[in-house]
Amino acid sequence: MRIHSCSHASASFHRTGRRLLAAALFFSGIFLPVHVKGAEVVIPLTVPFDFLTTGVNKQFKTAPGEVEEISYNKNCRYLYLDHPQFNHQKELVRFVIHGRGSAGAEFFGKCLSPVRWSGFIEILATPSITADWQLHLNVEHSNLYDEAWKKGLLMGPIWNAVQSFVLPSLTSFNIDLTPPRDETLSLLHAFLPASSSAQLDAVFRSATAKVIRVDDQGVHLGLALALPDSLKQTISPRTASAAPLSPEELAAVKQELEQWDAFLVFVLKNIGMDIEDPDIRAQLLELLLASRYEVLPILAGESSELAGDPVRTLFVETWNRLQEIILTAEQRGIVMNNAVRYVSFIRAGDVLLTIDRAAPGIGLEISADGLRRLARILQPGLKVDPLQYDLAPDPALRELFGFPAKLPNEEPLDPIPEDAAPPLSLFDAIGSVYAAEYSQSDDLAALIKRLNRWVPEDSELSEYRATMNKLLLINTEQELQSNSLESRYKPLISNLARATALKESCWRQFVSKQKKITYLHSSSGSIGLMQINPYVWRGFYNVEQVKWNVSYNAEAGIEILLQYLIRYAINEEKTGSIDNIARSAYSIYNSGPKAIGRYRKATSSEREKKVDFRFWEIYQGFKADGEVDLFHCTVKTN
C-alpha cells in the first residue's frame, strides 16, 4: 500500500485512541508528584512510549504480524516497514523502525542497477505541544543503518524514499491531548462545591500544557493551572462540636461514612483480586480495618481524630497509604492486571489532594458523585453502584483477605417475640450438659438452645457461668481445629478468648430493656458477647446471627482474635513472655492493627492503658484457674 497522505490515518488514530487515552489519563506505571510553583499547579501527564508505538502502528499499518508496503514497482522500487518502536536519547524522542527496500530503474521489465537495503531507520525528534493541544514530534536528525547498525554507502535512492514517505508520516503524527485534559478537569468538577464552580471554570479555560522531560517512561507533560489568590485563601472547614451529634447529624454522617466504606471495599477488592500477593493483600486488609476502626468514635458520638469532616480525612489518609502499597508492588516487580488503570486511579486522587492543598479556598468535597467517578476509572464499564452499602456476608471478601471460606455455624433464628420469657432451666429442659452421653456437637446444640435469649437472674448466675464457659471452650476448640497453630499456644488462646469475652461484655449476649429481651450493643454499635462491630466487620459475618446467635457471635470473635494473633501479635513473644501475645492480640481487637504492642507503649492514652490493664488482670485470673465473678465482671483467684 502506498502512502499518499498521512492526514486520514492520523485522524483515524485520534478517534480510536481518544477513549483509551482519556481512560488512562496518561498516567504511566510510575508516580510523579504534582508540582505547586507559586500561583501555578502543574499536574503531570505522561504519554508512555507504548502508547506512541500503538499510534504509529495505526499510522504505518505495522501492528504485530503486519508489514507496511510502499512501492512503485514490486520488483524494482519498493520499501517495506515493520516493528516500529519508541524510546529516547537524552531529551529527544527516538523512533526506530525496521525495513528493507530497493531503488532501481525499470527498463522493459528489468530492474537496472538496483540499490538494495535492509536495516533500520532512526529518527530523533523534539516533542512540542501546539496551541490546539496536539503533541507533535519535530524531526531533528534521521539516519539509515544496515542490519549491523552501520551506515551504508550509496544509499541515496533509498534515503530519498525515506524522506519522501517516512519523515512526512512521522511529522504529521499527532497525539490529541484534549481527552486527558478534559478528563482531568471533569474529575475536578465532580468534587467542586457549587460556590467555587464559576471561578474554577475560568481557571480550567486558561489551562496550558508544556513538555517537562523525556525519559525511559515516555514523554512527561504538565497540565498547568494558574490559580487566583482568592482560591489560595483557606476557608473554614467543618469543625466538630464539643456537644454530641444530634440524631439527624449522626444519621447524615453515618450515611456519608457508609458510602465511603462501600467505595473503599470496591477499590480494595479490585486491587486485591488483580494482585495475587499475600503480603500486598494483607496490607490492603490492614488499610480497610484501620479506616473502619477510626470511624467507631464517631458512630459512638464521641470526639475523634477525624473530627470535622471524617470522610475527607479518611480520603486523604487512604490515598496516601494506597499509593505506598501500589508503589511497593511495582518496586517488587509484582505483576498487576490493569496496572495503568490503578495508577491512574491513585493519581486522580493525588491530583485532587494537591489542588486542595494549593487552593484550599476551592473547598473540594468528597461527594458521592465524585467517588462514583473515581470508581469508573477502575472499571470504565461499571454497571453496579460502587457506593451500595450491604451488610450481607461477602465470601469473596473473606477469601481475598485470607479468612476461612467457612463462616461460623449458623442456627435457624426462630421468630421469638422480644418480650418472651427466658427459657426453662437447662437442667429442667434437657438434663445436664456435662452428662457423658452427650457428644460435643450435642453439647453445643444444647448450650446454644439454653443461652440464646437468656438474661440470667442473680440466682442463675452460677449455672449461666458454667454454661457460657463451656460454650466458649467448645467454640475455641472448633476454631483451633481449622488452623495449624502449635499446640503450645492452645491454653493461651483459650484464656485469651474467655478473657476477651469477659472484658468486652461480662459474658453477656442478651439484656433486658423495658421487660423485653434484646442483644447487647454498645454506643458504637458493637454487638453481644464478643462485641462484634458490624461496621468494622461488614462483609465478613452474618449480622443477624451476630445479634441473635450467641455461639455465632463467640465463633466470630474467636476467629478475629486468631487472625490478629497470627498476623500481628505472635511476634510479641520476642518481648519476653508468651503471654504478651495475648496482651497484644487484645489491644488490636480493641482498636485495630495500629494498636499492636499498645499495652507496653508509654505513648498510649490513659484510657488505653486502663483498658489494657483491665484485660491483663482478667487474663491472669483465667491463667491461674480462677473463678469468674459475673457480679463484678472479673476473675477471682485464691
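No experiment lies behind these values; they were computed from the predicted model shown. (Residues numbered from 1 in each chain as written. Predicted model: local features only at pLDDT ≥ 70, side-chain atom pairs only at ≥ 80, totals over all residues. Heavy atoms only, no water.)

Caption draft 1: Region of interest: the state of the cysteines. Taken as a whole and judged by the stated rule, the model has two disulfides. Disulfide pairing is shown between Cys-76 and Cys-111; the S-S distance is 2.1 Å. What sets the handedness of the Cys-76 and Cys-111 disulfide is the S-S torsion sign, and at about 70° it is right-handed. Of the two residues, Cys-76 is situated in the loop between strand 3 (68-73) and strand 4 (77-89) and Cys-111 in strand 6 (residues 110-129); the sequence distance between them amounts to 35 residues. Overall, the relative accessible area of 1% leaves Cys-76 in the buried class. On the basis of relative accessibility, which here comes to 24%, the residue Cys-111 falls in the partly exposed class. Each bonded cysteine of the chain is numbered by sequence order, and under that numbering the disulfide pairs are 1-2, 3-4. (Disulfide = S-S within 2.5 Å. Helix = DSSP H or I, 4+ residues; strand = E, 2+ residues; numbered from the N terminus. Buried < 20%, exposed > 50% of the residue type's maximum accessible area, 1.4 Å probe, protein only.)

Caption draft 2: Expanded view of the environment of Ile-560. Positionally, Ile-560 belongs in helix 18 (residues 550-567). C-alpha of Ile-560 to C-alpha of Met-530: the two residues are 30 residues apart in sequence and 9.9 Å apart in space. Among all residues touching Ile-560, those that are not within four sequence positions of it are Ile-532, Trp-537, Tyr-541 and Tyr-589. (Contact = heavy atoms within 4.5 Å.)

Caption draft 3: Structural context of helix 2 (residues 49-60). Taking 1.5 Å per residue as the helical rise, helix 2 with its twelve residues ought to reach 16 Å, and the 16 Å between its terminal C-alpha atoms agrees with that figure. Of all twelve residues that make up helix 2, nine are buried, and the element is covered over most of its length. Taken as a whole, helix 2 has its buried residues at Phe-49, Phe-51, Leu-52, Thr-53, Gly-55, Val-56, Asn-57, Gln-59 and Phe-60. Just downstream of helix 2, Lys-61 is the residue with a positive phi angle, here 55°. (Expected span 1.5 Å × (residues − 1).)

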